[in-house]
Amino acid sequence: MNMRIKKLIMAVICLAISMTVLAADNISIKDFRITRGEWKIVSVELNNEATYVAFQFDVYLPDGYIFGGCWPCIDRVPESTTSSFNQQDDGSYRVIAAAMEGQPIKGNSGEFMYIYITPKEDAGLGSKTGYLRNVKVSKADGTGFTVSEIPFTITLIDPSTVYIKNCTREYGDENPVFEYTVEGGELDGTPYMWCDAWAGSPVGEYTITGDPGTCTNFNMTFVGGTLTITKAPLTIKARDYTIKQGEPLPEFEVEYEGFKNGEYVYALNTLPTLSTTATSDSEPGKYQITVSGATAENYAISYVAGTLTIEGPDFIPGDANGDGKVNVTDIVEIVSYIMGKPSNRFVFTAADVTGDGDVNVTDIVSVVNIILSNPSREIDEISL
């Protein structure tokens, strides 16, 4: 008789020997969900403290399910292991495996055997119970443990359709966490969804795509969503300025708030235009500096006006004609004003030396006193 066959027979005989159960040693199989047309790979796990070289168990499937075969997990079961399965009279399938060289199952926890299961076309939706029975695990000396029955639940579900939700974000932002809804069978895991758009992608619409991700569902269909990237808000504000009456208008500038991705003015298709109704000769007061005309592909632009403040010109008390000196010509200017014939050079605030809001003879006297108090005056100029 072939030596390998002899060893396999000896290992099977060992399984029949009365065995000692170690409390930490156990075999388990997880509940799972499945859809019609799907072949499900189901893992059987062994957690053990002792070292085992052979095992067997019977697979009892509920009505409506088909056993498609089995094979060892090569990460745990030695390469020399011989395995087989055959159908029993009661419809169950007996799985037997033994290591030919007496090599133990590797490690102390995890998958050690896979079984292949599929539902029949007429299988009904819902949950049914399957069993692993007559479980026997043996060490090289014939000791080990047995388990009479290990139940597990098979749930037949409808195919799943995943609808990815549409969403919106502003240009320059990161993509949101994509969400979805499910019709049909509940998902066993989490799908993965992605989109080609990134923070620098221009305004527009982008397709959100999905795949099963960690889901173990077999029949899954994805309906893609749409990510809409809208323009980011950008505020353009005119700066404020102050000048004296008669001074030239400044070159107006703006400030920007809202650029994304490190962008600046170069992101604008058209630069803004600034304007005001004031001129250098406008009366003292406040004038609006308006901003308009900017355009950009990825920004929704709003404007904030600035303020141009025109202050009255600086003056010297008594300098009624505004020539920067106080002399007899200013007295002549004041007299002309009092007589109702002011020149276009007349500066009222400078002529109102007394500050009473009226220009009259007392202001002429004040101007004379200013001239007389000036050491560098030319006395001959003082005449009325």
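Since this is a predicted model, take the numbers as computed values, not measurements.

Enquirer: Help me out: how do you make sense of the overall build of the protein chain in this one?
Expert: Counting its regular elements, the protein chain contains four helices and 24 strands. On C-alpha atoms alone, the protein chain measures out to a radius of gyration of 48 Å, which is more than a quarter above the 21 Å that the 2.2 N^0.38 rule sets for 384 residues. Seen through its principal axes, the protein chain has C-alpha atoms that stretch 150 × 45 × 35 Å. Among the 384 residues that make up the protein chain, the fraction classed as buried is 38%. Sequence separation of 24 or more characterises 66% of the internal contacts of the protein chain that already satisfy a separation of 6 or more.

Enquirer: What is the right way to read the pairing of strand E20 (residues 254–257) from this model?
Expert: Note on strand geometry: in a regular strand, side chains alternate between the two faces of the sheet. Burial of the side chains of E20 is restricted to one face: Val-254 and Tyr-256 are buried, whereas none of Glu-255 and Glu-257 on the reverse face is. For strand E18 (residues 232–238) and E20, the ladder comprises four bridges, and the chain directions are antiparallel. Following the sheet pairing, Ile-236 is matched in E20 by Tyr-256.

Enquirer: Quick question: what am I supposed to make of helix H4 (residues 361–372) here?
Expert: One full turn of an α-helix is made of 3.6 residues, so residues set three or four places apart face in the same direction. Here H4 spans 17 Å end to end across twelve residues, near enough to the 16 Å set by a 1.5 Å rise per residue. Every buried residue belonging to H4 is among Asp-363, Ile-364, Ser-366, Val-367, Val-368 and Ile-371, and all of these are buried. Residues of H4 that are buried sit in contact with helix H2 (328–338) and helix H3 (348–351).

Enquirer: How should the nonpolar core be read in this particular structure?
Expert: In terms of nonpolar packing, the biggest core is built from 33 residues, with Ile-27, Phe-57, Phe-112, Ile-115 and Leu-132 touching the most fellow members. For this core, the element with the most residues is strand E10 (residues 144–156), which contributes five residues. The contact partners of Ile-115, leaving out residues within four places of it in the chain, are Ile-29, Lys-40, Ile-41, Val-42, Phe-57, Val-59, Phe-67, Gly-69 and Cys-70. Core analysis: the second largest hydrophobic core is formed by 31 residues, Ile-164, Cys-167, Leu-227 and Ile-236 among them.

Enquirer: Would you explain the pattern of salt bridges in this entry?
Expert: When the charged atoms of two side chains with opposite charge come close together, those side chains can pair. Under the defined criterion, the tally for this structure stands at eleven salt bridges. Between Asp-58 and Arg-94 there is a salt bridge whose closest N-O contact spans 2.7 Å. Here Asp-58, found in strand E4 (residues 54–60), pairs with Arg-94, found in strand E7 (residues 93–99); they are 36 residues apart in sequence, far enough to count as distant. Looking at Asp-58, the relative accessible area reads 1%, which means it is buried. A salt bridge links Arg-133 to Glu-149; the shortest N-O distance between them is 2.7 Å.

Enquirer: Mind showing me how you'd approach the sheet that holds strand E16 (residues 220–223) here?
Expert: Two orientations exist for strands paired in a sheet by backbone hydrogen bonds: parallel and antiparallel. The strand order across the open sheet built from three strands is E13-E11-E16, with neighbouring strands paired in mixed fashion. Because the sheet does not close on itself, it has two edges, and the strands there are strand E13 (180–184) and E16. Adjacent strand axes in the sheet meet at a mean angle of 20°, parallel and antiparallel pairs treated alike. Here strand E11 (residues 160–164) pairs with E13 via five bridges, running antiparallel. Residue pairing across strands places Val-162 opposite Val-182, the latter belonging to E13.

Enquirer: What should I look at first to understand the side chain of Thr-81 in this one?
Expert: With respect to the helices and strands, the residue Thr-81 is situated in strand E6 (residues 81–87). Judged by relative accessible area, Thr-81 falls into the buried class, the value being 15%. Only 2.9 Å separates the side chain of Thr-81 from the backbone oxygen of Pro-78, close enough to count as a polar contact.

Enquirer: Could you clarify how one ought to interpret the sheet that holds strand E9 (residues 126–138) in this entry?
Expert: Across the sheet, which stays open at both edges, the six strands sit in the order E2-E10-E9-E4-E7-E6 with mixed pairing between neighbours. The open sheet terminates on both sides in strands that have one partner only, identified here as strand E2 (32–34) and E6. Neighbour-to-neighbour, the strand axes of this sheet turn through a mean angle of 20°, independent of strand direction. Of the pairings in the sheet, the one linking E6 to E7 comprises seven bridges and is antiparallel in character. Each bridged residue has a counterpart across the sheet, and for Asn-86 the counterpart in E7 is Arg-94.

Enquirer: Mind showing me how you'd approach the confidence of the model for the protein chain here?
Expert: When pLDDT is averaged along the protein chain, the result is 88, and 91% of the positions lie at 70 or above. Low pLDDT, under 50, characterises residues 4–23; the predicted model gives this stretch 39 contacts beyond four residues in sequence or across chains.

Enquirer: Would you take a moment to explain H2 for this structure?
Expert: Along H2, the residues classified as buried are Val-328, Asp-330, Ile-331, Glu-333 and Ile-334. Residues of H2 that are buried in the fold lie against H3 and H4. After H2 finishes, the residue Gly-340 shows a positive phi value of roughly 85°.

Enquirer: Before we go on, may I ask you to explain the packing of aromatic side chains in this structure?
Expert: Here the distance between the centres and the angle between the planes together describe a pair of aromatic rings. Tallied over the full model, the rule gives 20 aromatic pairs. Centroid distance Phe-55 to Phe-112: 4.6 Å. Interplanar angle 80°. Geometry classified as edge-to-face. Of the two residues, Phe-55 sits in strand E4 while Phe-112 sits in strand E8 (residues 111–119), which places them 57 residues apart along the sequence. Each member of the pair, Phe-55 as well as Phe-112, is classed as buried. Through a chain of ring-to-ring contacts, three or more aromatic side chains come together here, namely Tyr-171, Tyr-256, Phe-259, Tyr-264 and Tyr-299.

Cut-offs applied
Residues numbered from 1 in each chain as written. Predicted model: local features only at pLDDT ≥ 70, side-chain atom pairs only at ≥ 80, totals over all residues. Heavy atoms only, no water. Helix = DSSP H or I, 4+ residues; strand = E, 2+ residues; numbered from the N terminus. Rg over C-alpha atoms; globule rule 2.2 N^0.38 Å. Buried < 20%, exposed > 50% of the residue type's maximum accessible area, 1.4 Å probe, protein only. Contact = heavy atoms within 4.5 Å. Pairing = 2+ DSSP bridges. Expected span 1.5 Å × (residues − 1). Core = buried A, V, L, I, M, F, W, Y, C linked by side-chain atoms within 4.5 Å. Salt bridge = Lys/Arg side-chain N within 4 Å of Asp/Glu carboxyl O. Axes fitted to C-alpha atoms, helices over the stretch in contact; angles between N-to-C directions. Polar contact = N/O pair within 3.5 Å; in protein donor to acceptor, adjacent residues only side chain to side chain. pLDDT = per-residue confidence, 0-100. Phe/Tyr/Trp six-rings, centres within 6.5 Å; stacked < 30°, edge-to-face > 60°.

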